[in-house]
Amino acid sequence: MNTIPAINYFCPTRRVGTGNKHHFFGYYNKNVWDRTGRYFLANRVDMLTGDLTGNEIAEIGFFDIEDNDKYYPIGTTTTWNWQMGCQLQWLEGKQGRHIIYNSRTENGEGTVYPDFCSTIINVDTKEERKLPLPIYVVAPNSEYALCVNYSRFEVTHKTIGYCATQNEPELELAPENDGIYNMNIDTGETELILSLYDLTQLQPTASMKKAIHWVTHLEINPNSSRFLFIHRWTERVEDETCFIHRLFSMKPDGTDLRLHECSDHPLPQLEKGFDIKAVGTFDYEKSEYQISHPVWKNNTSIMVWGPHDNQINYHLYNINDNSVEIIGQECLTENGHMTYSADGKWLLSDTYPDAETNERFLILYNTEKNIRYNIGSYYTSPDLGKHNRCDLHPRFSPCYTKVCIDSVHENIRQRYIIEISELVNR
């Protein structure tokens, strides 16, 4: 396959905030900026890196980027990880300024997962209330959240798990009482809308029988009418190259479940004598079988890095007619964290560290002209490892003239804003 070289168009970058504390946000495709573009969420911690035990405190707050980056602390949590933070996000469908984030139960508020819940804070009145489940993602209309079991992540995908308060719970492989919950933001009412057991009964494969199952990468479409997720299973949780993936979408009431892609494949890693130490830190993200980082382009189209017809590419799935289109085949050649602009003209993404230089590119792709722009390059130390790494996780500002990232290229974990107005308005 012929490739088209990227155009280096490095844009002005500035660090948000000062001081020696570390700031980060975590996962891509969450609303970091409030609707005005002025207030900018962040987690604040004392350390650059470290293995988490569930006792480490992260401060929750936001910067006022129109007032010399003045920082306002809001609360704290011990329910966080380096990849996702605490799933902090604005409730943009509510009047006023409200944030939601994951927290740890004190008196067993968690009706399903006793260790974890979520907290809503009215930034203006300081009023606080708890909801009974930890969130994964909140609908754009702020009416409901989708919730999953972070203790299951702690076993299956530790990078995004939370440590239990005391003993880790014992997990069944694919139980009927665990899966995806819908939680009403106003009332706290919860409903299991899809169990892991039910997933194993839908077009089952032989690889599922002895495997542990979970769901991840839940994302809700712009009009809040549908969500996507990845179903994963494995017999070897310690080796992510043994994960098998399926891409689904469904309605938030649990109906109209649709399977869009399955990457089931032979696993030589399960053979006796396989050396797990031979697996590189980012081999999983670069696997040809990985279904990764799906996002909605609009209400009916899903972008994902993954295999289709035996080719690994950025693929765009139309959920209505089941068509699949390759996007940027000649210039988008590796896995990244993707987000579309509202008009669909620009695709924002990044790369994992280069094996030789440890540099990561920040990418803007013009979908109309098939042009990839590298708008920044940021070094990361290979010593950070898998669980403590700092992915760029880029996100657009509400007006799509700025991009923000997390990075460690200055040997401190910090937030950065990149000005892209000159490029996108050309």
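See above for the structure.
Computed from a predicted model, the values in this text were never measured in an experiment. (Residues numbered from 1 in each chain as written. Predicted model: local features only at pLDDT ≥ 70, side-chain atom pairs only at ≥ 80, totals over all residues. Heavy atoms only, no water.)

1. Quick notes on the overall build of the protein
Here's step 1: Along the backbone of the protein there are 3 helices and 29 strands.
Here's step 2: For a compact globule of 426 residues, the expected C-alpha radius of gyration is about 22 Å, and the protein comes in at 20 Å, within 12% of that figure.
Here's step 3: In terms of overall dimensions, the protein has C-alpha extents of about 60 × 55 × 45 Å along its principal axes.
Here's step 4: Summarising the internal contacts of the protein: among those between residues at least 6 apart in sequence, 54% fall at separations of at least 24.
Here's step 5: Carbon and sulfur atoms form 45% of the exposed surface of the protein, whose accessible area is close to 17,800 Å². (Helix = DSSP H or I, 4+ residues; strand = E, 2+ residues; numbered from the N terminus. Rg over C-alpha atoms; globule rule 2.2 N^0.38 Å. Contact = heavy atoms within 4.5 Å. Areas by Shrake-Rupley, 256 points an atom, 1.4 Å probe, with all protein chains shown as cover.)

2. Regarding the environment of tyrosine 9
Here's step 1: Within the fold, tyrosine 9 resides in the loop between strand S1 (7–8) and strand S2 (13–15).
Here's step 2: Excluding residues that lie within four positions of it along the chain, tyrosine 9 makes contacts with Tyr373, Asn374, Ile375, Glu422, Leu423 and Arg426.
Here's step 3: Within polar-contact distance, the side chain of tyrosine 9 engages the side chain of glutamate 422 at 2.9 Å. (Polar contact = N/O pair within 3.5 Å; in protein donor to acceptor, adjacent residues only side chain to side chain.)

3. Overview of the sheet that holds strand S7 (residues 89–90)
Here's step 1: Ordered in space as S7-S8-S9-S10, the 4 strands form an open sheet in which the pairing is antiparallel. In this open sheet, the two edge strands, each paired with only one partner strand, are S7 and strand S10 (128–131).
Here's step 2: Here strand S8 (residues 98–104) runs beside strand S9 (residues 116–122); their pairing, made up of 7 bridges, is antiparallel. Residue pairing across strands places asparagine 102 opposite serine 118, the latter belonging to S9. (Pairing = 2+ DSSP bridges.)

4. Quick notes on the packing of aromatic side chains
Here's step 1: This structure, assessed with the given rule, holds 21 aromatic pairs.
Here's step 2: A centroid spacing of 5.4 Å and a plane angle of 45° characterise the contact between phenylalanine 24 and tryptophan 82, whose relative ring orientation is tilted. Residue phenylalanine 24 is found in strand S3 (residues 22–24), and its partner tryptophan 82 is found in the loop between strand S6 (70–77) and S7; the two are separated by 58 residues along the sequence. This pair shows no difference in class: phenylalanine 24 is buried, exactly as tryptophan 82 is.
Here's step 3: Geometrically, the ring pair formed by tyrosine 150 and phenylalanine 153 is edge-to-face, given 5.5 Å between the ring centres and 80° between the ring planes. With tyrosine 150 and phenylalanine 153 both in helix H1 (residues 150–156), this residue pair falls 3 residues apart, about one helical turn.
Here's step 4: Of the residues examined, tyrosine 150 reaches a relative accessible area of 0% and is grouped as buried.
Here's step 5: A network of ring pairs unites the aromatic residues Phe116, Tyr136, Tyr150, Phe153 and Tyr162 as a single cluster.
Here's step 6: Seen from the ring of tyrosine 39, arginine 97 lies directly overhead, with NZ or CZ sitting 4.5 Å from the centre. (Phe/Tyr/Trp six-rings, centres within 6.5 Å; stacked < 30°, edge-to-face > 60°. Buried < 20%, exposed > 50% of the residue type's maximum accessible area, 1.4 Å probe, protein only. Lys NZ or Arg CZ within 6 Å of the ring centre and 35° of its normal.)

5. A short note on the side chain of arginine 395
Here's step 1: Turning to its location among the elements, arginine 395 is positioned in strand S27 (residues 395–396).
Here's step 2: Judged by relative accessible area, arginine 395 falls into the buried class, the value being 2%.
Here's step 3: Here the side chain of arginine 395 touches glycine 26 through a polar contact of 3.0 Å, landing on its backbone oxygen.

6. Comments concerning the state of the cysteines
Here's step 1: All chains considered together, the criterion is met by 0 disulfides.
Here's step 2: Of the cysteine sulfurs around cysteine 331, a residue in no disulfide, the closest is that of cysteine 11, at 16 Å.
Here's step 3: Lacking any disulfide linkage, cysteine 399 is separated from the closest cysteine sulfur, that of cysteine 404, by 12 Å. (Disulfide = S-S within 2.5 Å.)

7. What to know about the nonpolar core
Here's step 1: In this structure, Tyr136, Leu146, Ile180, Leu218, Phe227, Phe229 and Met303 are the most contacted members of the largest nonpolar core, which totals 43 residues.
Here's step 2: Excluding its chain neighbours within four sequence positions, the residues that come into contact with leucine 218 are Tyr136, Val137, Leu146, Val148, Ile180, Phe227, Leu228 and Phe229.
Here's step 3: Core analysis: the second largest hydrophobic core is formed by 28 residues, Ala58, Cys86, Cys404 and Ile417 among them. (Core = buried A, V, L, I, M, F, W, Y, C linked by side-chain atoms within 4.5 Å.)

8. A few points about the environment of alanine 42
Here's step 1: Mapped onto the elements of the fold, alanine 42 is located in strand S4 (residues 39–45).
Here's step 2: For alanine 42 and proline 132, which are 90 residues apart along the polypeptide, the C-alpha to C-alpha distance reads 23 Å.
Here's step 3: If we skip the residues at most four places from it in the chain, alanine 42 touches Phe24, Glu59, Ile60, Gly61, Phe62, Phe63, Leu88 and Arg415.

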